Amino acid sequence: MISYRAMGGLAAAMLLAACGSHEAKTGANSAESHAPGTTLATTAGACSSYVAGTPGVIRTFCGGPAKVKLTIGGKEHDLSGGTCEAQGPMFSVNLGVVSTNDLGGPKPDYFGLTIPSGGGHFTNAVLAVNVDGKTYAVTSNSGDATAAAGTFTGTAMGDSAPITGTFSCS
């Protein structure tokens, strides 16, 4: 059985390397939009342009029904196409691309939240966010969740910008 501490450690490790998104700016040429292996890119590509198992791409969460609306320091971000999954004692919401530093160019958006299954109020969940090329380890957080939807609020480690948001699984 995997302990909460082990799950938290795994999620924290993924956070430090994780990023992902399905949102892309349109009209960009190959030097502007990120495609796996393109190091001259200035903009991350669509989630579907990343393939798990290629250099720097661990996993993608692009085609599911989950949505997240979050605000970081007053700026809103909408992500969609993710998944919600209960596995054993844990429940997770993931959207975007989990990547490592081996992925050249700008990192795509990613959102990941892991909490104990069963719903209700949570504190200090595993919460990782990467938007606009910046990674946030939201180690101080709280919220309320069910298997269908939830809310969260917190502050990223090393960054005083407040992070708030909602998620839905359908």
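Because the structure is a prediction, the values reported are computed rather than measured. (Residues numbered from 1 in each chain as written. Predicted model: local features only at pLDDT ≥ 70, side-chain atom pairs only at ≥ 80, totals over all residues. Heavy atoms only, no water.)

Caption draft 1: How the structure looks around the state of the cysteines. Using the criterion set out here, one finds two disulfides in the structure. Sulfur-sulfur distance for the disulfide between Cys 47 and Cys 62 comes to 1.7 Å. When the S-S torsion is -70 degrees, as for the bridge of Cys 47 with Cys 62, the disulfide is left-handed. With Cys 47 in the loop between helix H1 (4-17) and strand E1 (57-61) and Cys 62 in the loop between E1 and strand E2 (66-72), this residue pair connects regions lying 15 residues apart in the sequence. Among the residues examined, Cys 62 registers a relative accessible area of 25% and is labelled partly exposed. A sulfur-sulfur distance of 2.0 Å marks the disulfide that ties Cys 84 to Cys 169. Taking the torsion about the sulfur-sulfur bond, which here is approximately -85 degrees, the covalent link between Cys 84 and Cys 169 counts as left-handed. Here the residue Cys 84 occupies a position in strand E3 (residues 75-87), and Cys 169 occupies one in the segment after strand E11 (162-168), the gap between them amounting to 85 residues. When its relative accessible area of 24% is taken as the criterion, Cys 84 is described as partly exposed. On the basis of relative accessible area, Cys 169 is assigned to the buried category, the value being 14%. Counting only the cysteines that take part in disulfides, in the order they occur along the protein chain, gives the pairing 1-2, 3-4. (Disulfide = S-S within 2.5 Å. Helix = DSSP H or I, 4+ residues; strand = E, 2+ residues; numbered from the N terminus. Buried < 20%, exposed > 50% of the residue type's maximum accessible area, 1.4 Å probe, protein only.)

Caption draft 2: Quick peek at the pairing of strand E5 (residues 110-116). Within E5, six of the seven residues are buried, which leaves the element mostly enclosed by the surrounding structure. Sheet analysis places strand E4 (residues 90-99) next to E5, joined by seven bridges and oriented antiparallel. In the sheet register, Ser 92 faces E5, and the bridge partner there is Thr 114. Of the pairings in the sheet, the one linking E5 to strand E7 (residues 126-131) comprises five bridges and is antiparallel in character. Directly across from Tyr 110, in E7, lies its bridge partner Asn 130. (Pairing = 2+ DSSP bridges.)

Caption draft 3: Representation of the environment of Thr 155 within the structure. Mapping Thr 155 onto the fold places it in strand E10 (residues 149-155). Apart from the residues lying within four places of it in its own chain, the contact partners of Thr 155 are Ala 137, Val 138, Thr 139, Ser 140, Ser 160 and Ala 161. (Contact = heavy atoms within 4.5 Å.)

Caption draft 4: Expanded view of unusual backbone geometry. Within the chain, Asn 124 stands out as a residue other than glycine whose phi angle is a positive 50 degrees. With respect to the helices, strands and loops of the structure, Asn 124 is situated in the loop between strand E6 (120-123) and E7. Assessed through its relative accessible area of 52%, Asn 124 is described here as exposed. Backbone geometry places Asp 132, a non-glycine residue, at a positive phi of 50 degrees. With respect to the helices, strands and loops of the structure, Asp 132 is situated in the loop between E7 and strand E8 (134-137).

Caption draft 5: Looking closely at the packing of aromatic side chains. One pass over the full model with this rule turns up two aromatic pairs. With a centroid separation of 6.3 Å and an interplanar angle of 35 degrees, the aromatic rings of Phe 91 and Phe 167 are classed as tilted. Of this pair, Phe 91 sits in strand E4 while Phe 167 sits in strand E11; the two residues are 76 residues apart in sequence, bridging distant segments of the chain. The exposure classification of Phe 91 matches that of Phe 167, with both residues buried. A ring pair is formed by Phe 111 and Phe 152, whose centres lie 5.3 Å apart and whose planes are at 35 degrees; its orientation type is tilted. One end of the pair, Phe 111, is in strand E5; the other, Phe 152, is in strand E10, with 41 residues separating them in the sequence. The buried category is assigned to Phe 111, whose relative accessible area is 0%. (Phe/Tyr/Trp six-rings, centres within 6.5 Å; stacked < 30°, edge-to-face > 60°.)

Geometric values such as these leave the question of function open.
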